[in-house]
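# Notes for the structure review
Take a look at the letters that make up each chain.
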Amino acid sequence: MRSRWLGIDIGGTGTRLQLMEEGGVWSSFRKVATASWAQQPDALQALAQLIDETLEQQPVSGIMLGLPGILSRDRKQVISLPFIQALDHQPVAARLAAQLGVPVAMDKDVNHLMLWDLLQLEQLPDNAVGLYPGTGMGNSLWLNGHFYHGEHGGAGELGHVPVAGNDLPCPCGNRGCAETLTSGHWLSHWAAQNAADTPIAALFTRHGEQPELQAFVRRLAQLIATEMNILDPEYLILGGGVLAMADFPLALLRSQIQQHLRPPVTRENLKIIFSHSTDYTGCRGACLAAERLFRSAG
């Protein structure tokens with residue numbers, strides 16, 4: 001039987017599932033509301049049932065989960081998922097594997113977005129950083145040819161650096177985190193107060209010249225430039241739901257980032273790429289990660 005992998009991209013809003021046969025043949029994409037299983041009395045059991053519905057149709061060789069939060073360094077334990085707290089402090093992959101009878105692994109969802117984008121390049125770079133602002137601030141670190149997780153699994157939490165003068169509560173439990181001012185959550189709050197009749201996807205189309213939205217772009221650029229000046233990667237890959245909004249000022253974001261880069265070398269040599277991610281990208285990246293992991297393990 002040809003190997004087949006299941007990639008699952010779990011976001012705070014939507015959960016996406018995708019199958020990939022060896023050779024990159026895609027099938028059976030499915031998207032459901034995360035709340036449809038995460039708010040059940042036993043969220044892990046509900047997630048297992050959702051996966052099992054796919055496996056009944058197509059048996060697989062391995063499953064990879066992408067999760068929006070902090071996992072242990074060895075990727076065996078969920079530590080904190082601010083938007084899906086029902087899975088906190090659980091060995092999610094091991095429990096799913098035991099129930100489903102299939103190898104299961106997990107990583108931060110943003111690393112699967114980043115893996116997909118990295119594999120679109122002519123060759124894998126040694127060092128790259130991915131920033132994917134959405135509901136929160138997805139941040140992926142590809143250093144010395146590997147994803148960097150940090151000593152405790154908490155690397156790449158740029159959205160949780162504190163911002164002076166900011167006292168907004170963050171889902172992580174702290175106050176003043178950068179992502180409370182630079183993510184889709186802030187945009188949704190601003191839209192509710194100032195443009196209630198505008199669909200969120202059209203916010204920049206109709207109101208992009210508003211000073212508050214221009215300031216949002218500047219704050220985001222400053223945050224990104226901070227990490228670039230610390231890590232000095234070859235590539236900066238930018239994507240995520242916020243940047244995919246219609247008429248988001250990508251050129252302004254790029255110029256504002258470059259303005260804050262340390263001259264001369266970082267400013268002149270950093271390669272900035274905008275990701276052409278789709279609804280499929282995260283779960284397809286998870287499929288590729290499953291293939292890389294389980295093939296090497298086998």
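Named according to an unreviewed UniProt entry, the chain is Allose kinase originating from Pantoea deleyi.

On to the sheet that holds strand β7 (residues 104–108), then. Hydrogen bonds between backbone groups are what pair the strands of a sheet, and the pairing can be parallel or antiparallel. Taken in spatial order, the five strands of this open sheet run β3-β2-β1-β4-β7, and their pairing is mixed. Every other strand in the sheet has two partners, leaving β3 (25–33) and β7 as the edge strands with one partner each. Taking each pair of neighbouring strands and ignoring which way they run, the sheet shows an average axis angle of 15 degrees. Examined bridge by bridge, strand β1 (residues 4–10) and strand β4 (residues 62–67) share five bridges and lie parallel to one another. Of the residues in β4, the one forming a bridge with D9 is G66. Helix α2 (residues 43–57) rests against β1, β2 (14–21), β3 and β4 of the sheet, and its axis sits at about 145 degrees to β1.

Direction vectors running N to C along helix α6 (residues 184–194) and helix α8 (residues 211–231) enclose 175 degrees, while the axes themselves pass 12 Å from each other. Of the possible angle classes, the one that applies to α6 and α8 is roughly antiparallel. Note on element contacts: α8 touches α6 through E212, L213, F216 and R219, opposite W186, L187 and W190.

Moving on, we get to the packing of aromatic side chains. Under the defined criterion, the tally for this structure stands at six aromatic pairs. Look at W142 and F147: their rings are 4.9 Å apart centre to centre, the planes differ by 75 degrees, and that puts the pair in the edge-to-face class. Under the relative-accessibility criterion, W142 is labelled buried at 4%. Exposure remark for F147: the relative accessible area of 19% places this residue in the buried category. Sitting over the ring of W186, R219 keeps its end group 4.8 Å from the ring centre. The ring of Y280 carries the charged tip of R284 above its face, separated from the ring centre by 4.9 Å.

It is worth spelling out the nonpolar core at this point. One finds L131, L187, L236, L238, F248, L253 and I257 to be the most contacted residues of the largest nonpolar core, which totals 36 residues. Looking at this core, the elements with two or more residues in it are β8 (128–133), β9 (137–143), α6, α7 (203–207), α8, β11 (235–238), α9 (250–259) and β12 (271–274). Per-element accounting of this core gives the leading share, nine residues, to α8. Contacts of L236, omitting those with residues within four sequence positions, involve V129, L131, I224, M228, I257, L270, K271, I272 and I273. A43, L65, L81 and A93 belong to the second largest nonpolar core, which has 32 residues in total.

This part is about the packing of α8 against α9. Two elements in contact, α8 and α9, have axes separated by 8 Å at closest approach and are oriented at 45 degrees. In terms of their interaxial angle, α8 and α9 are classed as oblique. Here the hand of the crossing between α8 and α9 comes out right-handed. Where α8 approaches α9, its residues Q214, V217, R218, L220, A221, I224 and A225 are matched on the opposing element by L252, L253, Q256 and I257.

Below, the discussion takes up the pattern of salt bridges. Applying the stated criterion to the full structure yields 12 salt bridges. Its salt-bridge partner being R4, residue E21 comes within 3.3 Å of it at the nearest N-O pair. One end of the pair, E21, is in strand β2; the other, R4, is in strand β1, and 17 residues separate them in sequence. Measuring nitrogen to oxygen at the nearest pair gives 3.7 Å for the salt bridge that ties R295 to E291. With a gap of four residues between them, R295 and E291 both fall in helix α11 (residues 281–297), about one helical turn apart. A network of salt bridges, in which partner residues are shared, links D9, R16, K31 and D279.

Bringing the state of the cysteines into the picture now. Enumeration according to the criterion identifies zero disulfides in this entry. C172 carries a free sulfur, and the closest cysteine sulfur to it, the one in C170, is 3.7 Å from it.

Note on interface size: it is often stated as the accessible area lost on association of the parts. What the domain assignment lists for the chain is domain 1 (4–111 + 279–294) and domain 2 (123–274). Domain 1 and domain 2 are separated by 25 Å when their C-alpha centres are compared. Taken together, the contact pairs 16 residues of domain 1 with 19 residues of domain 2. When domain 1 packs against domain 2, close to 1300 Å² is buried across both sides, 53% of that on carbon and sulfur atoms. At the junction of domain 1 with domain 2, the criterion picks out five residue pairs in polar contact (both at pLDDT 80 or more). Elements with a minimum of two residues in the side of domain 1 that touches domain 2: β5 (70–71), β7 and α4 (109–118).

Parameters at a glance
Residues numbered from 1 in each chain as written. Predicted model: local features only at pLDDT ≥ 70, side-chain atom pairs only at ≥ 80, totals over all residues. Heavy atoms only, no water. Pairing = 2+ DSSP bridges. Helix = DSSP H or I, 4+ residues; strand = E, 2+ residues; numbered from the N terminus. Axes fitted to C-alpha atoms, helices over the stretch in contact; angles between N-to-C directions. Contact = heavy atoms within 4.5 Å. Parallel < 35°, antiparallel > 145°, perpendicular 65-115°, else oblique. Phe/Tyr/Trp six-rings, centres within 6.5 Å; stacked < 30°, edge-to-face > 60°. Buried < 20%, exposed > 50% of the residue type's maximum accessible area, 1.4 Å probe, protein only. Lys NZ or Arg CZ within 6 Å of the ring centre and 35° of its normal. Core = buried A, V, L, I, M, F, W, Y, C linked by side-chain atoms within 4.5 Å. Left-handed = near helix turned anticlockwise from the far one by under 90°. Salt bridge = Lys/Arg side-chain N within 4 Å of Asp/Glu carboxyl O. Disulfide = S-S within 2.5 Å. Domains from an automatic or database assignment. Buried area = accessible area lost by both parts, 1.4 Å probe. Polar contact = N/O pair within 3.5 Å; in protein donor to acceptor, adjacent residues only side chain to side chain.

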